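Reading the structure
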Amino acid sequence: MVKEKLEEIRQKAIASIEEANDADSLNDIRVKIFGKKGEFTQVQKGMKDVAPEDRPKVGAMINEARAAIEEKMTEAREKMQQKALEERLKRETIDVTLPAKKNKIGHRHPNTIALEEVEKIFIGMGFDVVEGPEIEKDYYNFEALNIPANHPAKDEQDTFYINKDILLRTQTSPVQVRQMEAKKPPIRMIAPGRVFRADEVDATHSPSFHQIEGMVIDKGITFSDLKGTLEMFVHKLFGEDTRVKFRPHHFPFTEPSAEMDVSCFKCGGKGCRFCKGEGWIEILGCGMVHPKVLRMSGIDPDVYSGFAFGVGLERIALLKYEIDDMRLLYENDIRFLQQF
Amino acid sequence: MRTSLKWLQSMVPGLTNDPQKFCDAMTLSGSKVEFYTVLNKDLDKIVIGQVKKIEKHPDADHLVICQVDVGDKTIQIVTGAQNVFEGAKVPVVLDGGKVAGGHDGSKTPGGITIKKGKLRGVESDGMMCSIEELGSSREVFPDAPVNGLYIMDDDAPVGADAVAYLGLDDVVIEYEITSNRVDCFSIIGLAREAAATFGLPFNPPEVKEVGDDDDVNKYISVDVENHDLCKRYTARVVKNIHLAPSPKWMQERLRSQGIRPINNIVDITNYVMEEYGQPMHAYDLDTIAGHKIVVKNATDGEKFVTLDGKEHELDKDMLMICDGEKPVGLAGIMGGENSMITDDVKTMLFESACFDGTNIRLSAKRLGTRTEASGIFEKGLDPNNAIDAMNRACDLVEELGAGEVVGGVIDIYPEKVNPWRVKFEPDHINAYLGTDIPKEQQLKYLQKIELGYDEKTEELIIPTFRQDLLSFADISEEVARFYGYANVATTLPKTSATAGGKSYKMEIEDIARDVAEYCGFSQAYCYSFESKKVFDKLLLPADAPERAAIEIANPLGEDFSIMRTLSLNGILTSLSTNFNRRNENVSLYELGNIYIAKSLPLTELPDERMQFTLGSYGDGEDFYSMKGVVEEFLDRVGMVDKVTYDPSNKRPYLHPGRCADVVYDGEVIGYLGELHPTVAKNYDIKDRVYVAVIDMPYIVKFANFEKKYTGIANFPASTRDLSLVMPKKTLAGDVEKIFYAEGGDYLESVKLFDVYEGAQVADGYKSISYRLTFRANDRSLSDTDVNTAMDAILNRLESMDVTLRS
């Protein structure tokens, strides 16, 4: 009797659960079956009328039926939730091609980007990055670099003077001297910084620009070390295929001195508008530190030797980023800066 | 410096004709070639023709028909040239030949091909040429007419190559000679280099000793008063001068150097100047009073007229050439009008001297008269070259028949410069260069450039024209450049390892850059010098300490005349540029020095202080967004906790109600604020501008990168929200100080969540709401704990007229 009743409830419940299509109707079904006055509850209440010896059996039947119905309900609920989630995801589809919401991030100046590349290369080779004063003593800018008084290189046409002893440094080379005075070899340094020369502003000149000085001092440093170091630098900066050419030159503070050209990275050396048909681009001046300079800075040239070089930072930035007018570097037009 | 390739070839037999090969090799051995010009590059099939017959053109008044003998035949040429005449010898370009350009002097790259054709119906088989069409100019062919055919001399062989005859079959090479190589400012010097570069013989001109039985001392005496400025003075006399054009070969060589031939005497001085690199001067001896030359300093205020007709005021540091009565020349710069050679010259005094380079340079500069001679002298010449040049010039005088050289030389040379010695250290050179060049090979290079060698002492003997060779390093360069820089191996230093890296200061600057960029600021580069007007633009009062700027003695103009003492102008100028180019929402930062003098005028180097300067205008920018950037940076350098903002320092360039000094532990480390509207106007920016400046040395001093883990709270926090009413002028920062002072150990954080001014609070008051969070590490706080703290806070606030909002 109870068994039949239970089976009937179970059949009906499962049928209605299968028909239910939302959470509310599922809830109604639950109330109708398991609620206080629910059909199932009624059957449970009828337990008291069951003979005691049958109760375990009937009890088991009730539990089994209940479990079956509840399982079905859970299954139905999960299905519904899954369906609802799928609908939501479908509803929330967006147009991914609409513009991005960007954080406003600033741009680094091309000079700094170029400088950081150079610094990275030399730091990797064990060089310290050091600095020196921009307003400098005549002694460090000239005399200690083997440029004596009345040397044409000291001509006022190129140098901004504050007074006869103090000037705006025309090169980063004085940092060489300051480092040699301050440190014992081995020294490996680069010294980037601002320098000043009395050039009117135009597409290729600025009264203020930047150089990167480099110097290595130790026992047994050779001219071939200079070549090897700078060649490695160029390969890292402009690519492994870049060729270098060293030409004899003259700087008062190095001997032998050289200028270094690199094969045009635009045409590979065939000659183009970029390299003015030469196939080569002049990139830096270098040489073995003059023994006189070593001695003046307190380093014994009979024990130590070294090389030094100077690169124009703007020159590298202009070449690397194909900037055709130096004035752009100091105008700070945001449309220019945003390209870096 | 420039040289004709042919002239070099005359001293270096076998020297290549291939200009590219020549220039590449010279550049690599140290004589850098800037460029070269092949004079006959665009000339072809041009011969010497002679006009035999001229007839009128039947249909054109301005044209004539010429029958021209071109050697193997006679051709008919129609021309419009006015100066054509029967018998004239002219350059003729034949059918299919090329000229370099038009007769107006314009050049056509690749040349212009001339073809047979008809001119107004009459056959014309070629073209007769002007000097310009041959790619040259009246500057070096002064005998060419302004507008017309170039008429060649009577000796020109009809039918021969006209280009070669005029000496235009040459290459002109332009070099960039470095200042240490004075010897290379001469044909001889570069020929010596070329011979060494190509391993060819070097044959400098052979100079014959000339001079008659007469004695120069009968004509002139020389007294050098200032030997420091005149190291050597040589003089010779030429009598019975016969002025005439110089011969064709000399004219050609002068032309190839870009020098206009004038007459034999002038041409000889110019020729020797090019060949020897020694400036010479010629005086009309009959104008020299007392037959006496005195070399001495001028007196202050003395006036002197140079041969270009210009009057100069002299000073006591200038060296003068004087005669018995008066000055006759500015030594080494320019001769005087009163003693110059004229067409009537009978007897001439030749001067070849060695003056002090620095003195000549400074004098020429003060006089504003830099001549070719002074440009050479200022490099500092070899006194031994002076006599060689003198003898060469006299030899040429005789050779050209320009006069009779009087016997004897006056030579005032009290301190003779002799060749000096430098130890030859081939092993050391190899060790220095990183090479393995045999000793004999090294010596060969050095002997090629005329260094002597004393085998006994193993010393090199340096000729005096190589003033740059003084030590071991100099010799090593000579070896290296003839061995070839390219042949030196590439190695890396085999030295003790060094770690490498940036300084602490630079690392902090990198942090500043990162923060600025993450916050939307792009990097600007600004000038270190600016105008004094900047101080007015920034409304700085007359006594502002910022006005004590270092001045540049020789600035490029007022705009670049002082070293900046504050950094704002750079960033404001850049913002202004952007604003006026209609760039919207611009935020820029700069890292650059200001220069603070310890005392003025400057006696020691100033304090160079790196400034981190930020500036921005546009949507969404306000005081607090700028403050946010500053705090972000101070947070990254571990300083934000101790930073306070003090609005009491009113900087004239900032909005008085929207500015603050950034204070760390009692030190002002920077400032920020809205730009004063008047300053914005001065910079032509019609928007609110926000700026911040951080004085980086303070950051380097105070930055703290120590980090320690303090645990994560395990116990719940208690929070209290409170809305406070206070007078408008009360600073939130001061209220927050009370929170922290009175809040006890458990106060974890204070967060402002609302600021209100308006109808809900009394006039002159504002309301600020905070959430205070309390927490203990070891237990859950009781209400009593928190209330005690809150009572203490509220008590203190009450005394500041800050009360709970009801």
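Computed from a predicted model, the values in this text were never measured in an experiment.

Conventions adopted
Starting afresh in each chain, residues are numbered from 1 along the sequence in its written order. Labels are handed out in written order, letters beginning with A for the chains and numbers beginning with 1 for the ligands. Note on the predicted model: pLDDT of at least 70 is required for a residue's local features to be given, and 80 or more for side-chain atom pairs to be given and counted; whole-chain, interface and lining totals, by contrast, use all residues. In this description a helix means any DSSP run of H or I spanning at least four residues, a strand means any run of E spanning at least two, and both kinds are numbered starting from the N terminus. Note that the radius of gyration is over C-alpha atoms, with the globule rule given as 2.2 Å times the number of residues to the power 0.38. Buried means a residue has 20 or more other C-beta atoms within 10 Å of its own C-beta, exposed means 12 or fewer, and partly exposed covers the counts in between; C-beta atoms are placed from the backbone. In this description, a residue-residue contact is defined by the distance between C-beta atoms placed from the backbone, which must lie within 7 Å. Where a domain begins and ends is set by an automatic assignment or by a domain database. By the convention used here, strands pair only if DSSP detects at least 2 bridges between them. Throughout, an axis means a line fitted to C-alpha atoms (over the contacting stretch in the case of helices), and angles, computed between N-to-C directions, take values from 0 to 180 degrees. Under the scheme applied here, ten amino acids are nonpolar (Ala, Val, Leu, Ile, Met, Phe, Trp, Tyr, Cys and Pro), four are charged (Asp, Glu, Lys and Arg), and all others, including Gly, are polar. Should an angle fall under 35 degrees it is called roughly parallel, over 145 degrees roughly antiparallel, and 65 to 115 degrees roughly perpendicular, with every other angle called oblique. What makes a crossing left-handed is the near helix being turned counterclockwise from the far one by less than a right angle; a clockwise turn instead makes it right-handed. A helix is expected to reach a length of 1.5 Å times the quantity of its residues less one.

Quick word on the overall build of chain B
- Within chain B, the secondary structure is distributed over 20 helices and 39 strands.
- The C-alpha atoms of chain B give a radius of gyration of 42 Å, which is well past the 28 Å a tight globule of 806 residues would have.
- Expressed along its principal axes, the backbone C-alpha trace of chain B runs to roughly 125 × 80 × 60 Å.
- Looking at chain B as a whole, 43% of its 806 residues qualify as buried.
- Within chain B, contacts between residues at least 6 apart in sequence are counted, and of these 71% link residues at least 24 apart.

What to know about the overall build of chain A
- Secondary structure assignment for chain A yields twelve helices and nine strands.
- For chain A, the spread of C-alpha atoms along the principal axes amounts to about 130 × 45 × 45 Å.
- Here the analysis covers contacts within chain A between residues at least 6 apart in sequence; of these, 65% occur between residues at least 24 apart.

Describing the domain arrangement of chain A
- One can read the domain layout of chain A as domain 1 (2-91) and domain 2 (110-337).
- One C-alpha centre belongs to domain 1 of chain A, the other to domain 2 of chain A, and the line joining them spans 88 Å.

Observations concerning the environment of L5 of chain B
All names here are of chain B.
- In this fold, L5 is placed in helix α1 (residues 5-11).
- In the structure, L5 is positioned 448 residues away from Y453 in sequence and 31 Å away in space, judged by C-alpha atoms.
- Residues contacting L5, with those up to four places away along its chain left out, are P19, F22, D170, V171 and I173.

What to know about the sheet that holds strand β25 (residues 452-454) of chain B
All names here are of chain B.
- One open sheet accounts for three strands, arranged β24-β26-β25; its pairing is antiparallel. In this open sheet, the two edge strands, each paired with only one partner strand, are β24 (420-423) and β25. Shown here is a sheet whose adjacent strand axes are inclined to one another by a mean of 35°, direction ignored.
- Bridge count between β24 and strand β26 (residues 459-462): four bridges; the pairing is antiparallel. The residue of β26 that forms the bridge with W420 is I462.

Overview of the interface of chain B and chain A
- Taken together, the contacts link 75 residues of chain B with 68 residues of chain A.
- Of all the elements in the fold, those that place two or more residues in the side of chain B that touches chain A are α2 (19-28), α7 (357-367), α10 (426-433), α12 (472-483), α13 (504-518), β27 (522-523), α15 (568-580) and β30 (586-596) of chain B.
- No other element matches α12 of chain B, which puts six residues into the side of chain B that touches chain A.
- A class-by-class count of the residues in the side of chain B that touches chain A yields 34 nonpolar, 29 polar and twelve charged.

Considerations on the sheet that holds strand β8 (residues 280-289) of chain A
Residue and element names in this part refer to chain A.
- Taken together, the seven strands give an open sheet; going across it, the order is β1-β4-β5-β9-β8-β7-β6, and neighbouring strands pair in mixed fashion. Here the strands that pair on one side only, and so sit at the sheet edges, are β1 (128-129) and β6 (244-251).
- Strands β4 (187-196), β5 (208-218) and β9 (305-312) of the sheet are contacted by helix α7 (residues 174-182), whose axis makes an angle of about 35° with β5.

Re the domain arrangement of chain B
- Assigned domains of chain B: these are domain 1 (2-39 + 171-198), domain 2 (44-165), domain 3 (216-412), domain 4 (426-487), domain 5 (504-702) and domain 6 (718-804).
- Relative placement of domain 2 of chain B and domain 3 of chain B: their C-alpha centres are 41 Å apart.

What about the pairing of strand β38 (residues 765-774) of chain B?
- Pairing geometry for strand β36 (residues 718-727) of chain B and β38 of chain B, over ten bridges, is antiparallel. Looking across to β38 of chain B, one finds that S718 of chain B is bridged to F774 of chain B.

Remarks on the packing of helix α6 (residues 264-276) of chain B against helix α9 (residues 383-400) of chain B
All names here are of chain B.
- Contact geometry of α6 with α9 gives a least axis separation of 10 Å together with a crossing angle of 140°. Here α9 runs oblique to α6, going by the angle between their axes. As for how α6 packs across α9, the hand of that crossing is right-handed. For the pair α6 and α9, the contacting residues are N264, I268, T269, Y271, V272, E275 and Y276 in the first and N385, D388, A389, R392, A393, L396, V397 and L400 in the second.
- Tallied by class, the residues present in the contact of α6 with α9 amount to nine nonpolar, three polar and three charged.

Regarding the packing of helix α1 (residues 2-19) of chain A against helix α4 (residues 55-91) of chain A
All names here are of chain A.
- Running from amino to carboxyl end, α1 crosses α4 at an angle of 0°, the nearest separation of the two axes being 10 Å. Relative to α4, α1 is oriented roughly parallel. For the pair formed by α1 and α4, the contact residues are V2, K3, L6, I9, R10, A13, I14 and I17 on the first element and V58, M61, I62, A65, A68, I69, K72, M73 and A76 on the second.
- Of the residues assigned to the contact of α1 with α4, the class counts are 14 nonpolar, no polar and three charged.

Digging into α13 of chain B
Residue and element names in this part refer to chain B.
- Taking 1.5 Å per residue, 15 residues should reach 21 Å; α13 reaches 21 Å between its end C-alpha atoms and fits that length.
- Buried within α13 are the following residues: I508, A512, R513, V515 and A516.
- Against the buried residues of α13 lie β27, β30, β31 (607-617), α16 (623-636) and α18 (696-702).
- Just downstream of α13, G520 is the residue with a positive phi angle, here 95°.

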